[in-house]
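Spelled out, the chains give:
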Amino acid sequence: GQQLNQSPQSMFIQEGEDVSMNCTSSSIFNTWLWYKQDPGEGPVLLIALYKAGELTSNGRLTAQFGITRKDSFLNISASIPSDVGIYFCAGRINTNAGKSTFGDGTTLTVKP
Amino acid sequence: GAGVSQSPSNKVTEKGKDVELRCDPISGHTALYWYRQSLGQGLEFLIYFQGNSAPDKSGLPSDRFSAERTGGSVSTLTIQRTQQEDSAVYLCASSRDYHAYEQYFGPGTRLTVT
C-alpha cells in the first residue's frame, strides 16, 4: 500500500525560529493535507493542497504541493510555544477521496 | 455545535476480553472514519462509512475487529479477544460527505490491554 515518509521525526527549536518539515511518497497523491495534533486531542486540519506546485499559507504556516505530486513540505515561521505538538502529513488519491494515508508525524518542541 | 465525541476516553482491559468503543459524529455528517494511532506512529486507517453504502473495511487488521454504524449516526468499533498489540489510541472522524476533504476528529479512546 501507499506509505508516506515524514521527516524529521522530532524537532527541538528555540522560540522565534523557523521550522521546516516534509513528506515524501513513492506514490502520487492528488491531495496533500497537513494536520496538527495537540496532546489528548484528535488531529486538526491546518492546510489542504490540491494542485501540483501549489503554495498555500495559513498565518505563519506555509505548505507546498510538490511538482512530482510525491512530496509536500510545511514551514512554520517565527515559532511560538503554542506551536508545540505533532504535525502529520496526509495524502489522498481522488478515487479514494474518503480515506487518507498518514505520515508518522513530526513532534515539535519549542523552548521559550 | 458539538464536535465529534468518543467514549470512553480511556479503557483498560485484560487480554482476551472484548471491548466496544463508541463514536458520535457531528450531526449531519454522512461520512465516518475510524483510525488507530499507536505510540509514536501516524494514523492507520481502519474503516469508513458513507451514508447507506457498504463500508470500506479494507483497513481492519484482523477479523477480531468489526464496526457498525446505526441509523447513519453513532458508530461502534468492537474488538474481540483483545491482544496486547491492540493497545493504541482509536480515533474517530467525520466529514460532511465522502468527498469532503476536511475530516473532524474526536479526542480518541486510549485502549490499554494488559
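Each chain carries its own residue numbering, running from 1 in the direction its sequence is written. Labels are handed out in written order, letters beginning with A for the chains and numbers beginning with 1 for the ligands. Whole-chain, interface and lining totals are the exception, using all residues; otherwise, since this is a predicted model, local features are given only for residues with pLDDT of at least 70 and side-chain atom pairs are given and counted only at 80 or more. Note: side-chain values were computed over all heavy atoms of the structure, leaving out hydrogens and water.

**Student:** Provide a residue-level description of the overall build of chain A, including the pertinent values.
**Tutor:** Along the backbone of chain A there are 0 helices and 11 strands. Counting from the amino terminus, helix and strand elements in chain A follow one another as β-β-β-β-β-β-β-β-β-β-β. Taking 112 residues into account, the globule formula puts the C-alpha radius of gyration at 13 Å, and chain A, at 13 Å, falls close to it. With the C-alpha coordinates aligned to their principal axes, the bounding extent of chain A is approximately 45 × 30 × 20 Å. Buried means the residue's accessible area, taken with a 1.4 Å probe over protein chains only, is under 20% of the maximum for its type, while exposed means over 50%, and partly exposed covers the values in between. The 112 residues of chain A split such that 44% are buried. Any two residues whose heavy atoms approach within 4.5 Å are treated as being in contact. Nonlocal contacts in chain A, meaning residues at least 24 apart in sequence, comprise 53% of its contacts between residues at least 6 apart. Of the roughly 5200 Å² of accessible surface on chain A, a fraction of 50% belongs to carbon and sulfur atoms. A residue counts as positive if it is Lys or Arg and as negative if it is Asp or Glu; His and the chain ends are not included. A charged residue contributes its charge at one atom only: NZ of Lys, CZ of Arg, CG of Asp or CD of Glu. Both charge centroids of chain A, one from 8 positive and one from 9 negative side chains, sit 11 Å from each other. Strands here are runs of E lasting at least two residues and helices are runs of H or I lasting at least four, both read from the DSSP assignment and numbered beginning at the N terminus. Between the two quantities, the radius of gyration covers C-alpha atoms and the globule rule is 2.2 Å times the number of residues to the power 0.38. Every accessible area reported is derived by Shrake-Rupley at a probe size of 1.4 Å, with residue values counting cover from the shown protein chains alone.

**Student:** Can you break down the interface of chain A and chain B residue by residue, with the values?
**Tutor:** Interfaces are often described in size by the accessible area the parts lose on coming together. Across the contact, 21 residues belong to chain A and 21 residues belong to chain B. Buried area counts how much accessible surface, traced with a 1.4 Å probe, disappears from two parts once they are put together, with both parts' losses summed. Between chain A and chain B, a total of about 1600 Å² is buried, with carbon and sulfur atoms accounting for 50% of that surface. Here a polar contact is recorded for every N or O atom pair within 3.5 Å, except that within protein the pair must consist of a potential hydrogen donor and a potential acceptor, and residues adjacent in sequence are included only if both atoms are side-chain atoms. In this structure, the connection of chain A to chain B is made through 3 residue pairs in polar contact (both at pLDDT 80 or more). For the side of chain A that touches chain B, the elements supplying multiple residues, two or more each, are strand E4 (31–37), strand E5 (44–49) and strand E9 (85–92) of chain A.

**Student:** I'd like a rundown of the environment of Gly106(B), residues and numbers included.
**Tutor:** Secondary-structure assignment places Gly106(B) in the loop between strand E9 (104–105) and strand E10 (109–113). As a C-alpha pair, Gly106(B) and Pro25(B) span 81 residues in sequence and 8.2 Å in three-dimensional space. Among residues more than four places away in sequence, those in contact with Gly106(B) are Glu41(A), Gly42(A), Val4(B), Gln6(B), Leu91(B) and Cys92(B).

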